[in-house]
Amino acid sequence: MSLTFYTHPLFENKVKIVVYGPSPGRKMLKEQIGTSRLHPITERQFKEQREYAVYPSYLIVTVDGIEEIFEHREKGNILHITDEPSVMRK
């Protein structure tokens, strides 16, 4: 099973989430539009470091009223959904 996450450069807070079933076949199971915003930890890192890319960085994604925090641990195309208590309570 995999999740694909798309953003749009002109509509920075809009995201599309697509969930695919397992291989072989990778049938699309769900496609939803949602919103995103920077997590306060990542906003602070951007201001302090004055760099575009900071790691780890966190993005709060809301789809159908459900919020998840996506973690981008390093440069690349892998995102994680975090449940780290220190990140969740911010």
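Note that the coordinates shown come from a computational prediction; the quantities given were computed from them, not determined experimentally.

> Explain the overall build of the protein to me, please; I cannot follow it from the model alone.
Each helix and strand in the protein was counted, giving two helices and six strands. Of the regular secondary structure in the protein, the N- to C-terminal order runs β-β-β-α-β-β-β-α. The C-alpha extent of the protein, read off along each of the three principal axes, is 45 × 25 × 25 Å. Per-residue burial for the protein yields a buried fraction of 29% across its 90 residues. Within the protein, counting contacts between residues at least 6 apart in sequence, those at least 24 apart form 22% of the total. Accessible surface, the protein as shown: approximately 6800 Å² in total, 53% of it carbon and sulfur.

> Would you mind showing me how to read unusual backbone geometry here?
Note: most peptide bonds trans; most residues except glycine with negative phi. Residue Pro24 follows Ser23 across a cis peptide bond; omega there is -5°. Looking at where Pro24 falls in the secondary structure, it is placed in the loop between strand E2 (14-20) and strand E3 (28-38). Phi at Arg26 takes a positive value of approximately 40°, unusual for a residue other than glycine. Here Asp64, not a glycine, exhibits a phi torsion of approximately 55°, which is positive. Within the fold, Asp64 resides in the loop between strand E4 (57-63) and strand E5 (66-72).

> What should I look at first to understand the packing of aromatic side chains in this one?
Two numbers describe a pair of aromatic rings. These are the distance of the centres and the angle of the planes. This model, assessed by the stated rule, comprises zero aromatic pairs. The ring of Tyr20 has Arg26 sitting right over it, with the charged end atom 4.5 Å from the ring centre.

> Any chance you could explain the pattern of salt bridges here in plain terms?
Opposite charge on two side chains allows them to pair when their charged atoms are near. Counting across every chain of the model gives four salt bridges. Across the pair Glu31 and Lys16 runs a salt bridge, and its minimum N-O distance is 3.9 Å. Of this pair, Glu31 sits in strand E3 while Lys16 sits in strand E2; the two residues are 15 residues apart in sequence, bridging distant segments of the chain. Residue classification places Glu31 among the partly exposed positions, given a relative accessible area of 43%. With a relative accessible area of 29%, Lys16 lands in the partly exposed category. One salt bridge in this structure joins Arg37 and Glu67, with 3.2 Å as the shortest N-O distance. You can see Arg37 sitting in strand E3 and its partner Glu67 sitting in strand E5, a full 30 residues away along the chain. Note on Glu67: relative accessible area 47%, which makes it partly exposed.

Rules and cut-offs
Residues numbered from 1 in each chain as written. Predicted model: local features only at pLDDT ≥ 70, side-chain atom pairs only at ≥ 80, totals over all residues. Heavy atoms only, no water. Helix = DSSP H or I, 4+ residues; strand = E, 2+ residues; numbered from the N terminus. Buried < 20%, exposed > 50% of the residue type's maximum accessible area, 1.4 Å probe, protein only. Contact = heavy atoms within 4.5 Å. Areas by Shrake-Rupley, 256 points an atom, 1.4 Å probe, with all protein chains shown as cover. Phe/Tyr/Trp six-rings, centres within 6.5 Å; stacked < 30°, edge-to-face > 60°. Lys NZ or Arg CZ within 6 Å of the ring centre and 35° of its normal. Salt bridge = Lys/Arg side-chain N within 4 Å of Asp/Glu carboxyl O.

Note that every value here comes from positions in space, so none of it alone points to a role or purpose.
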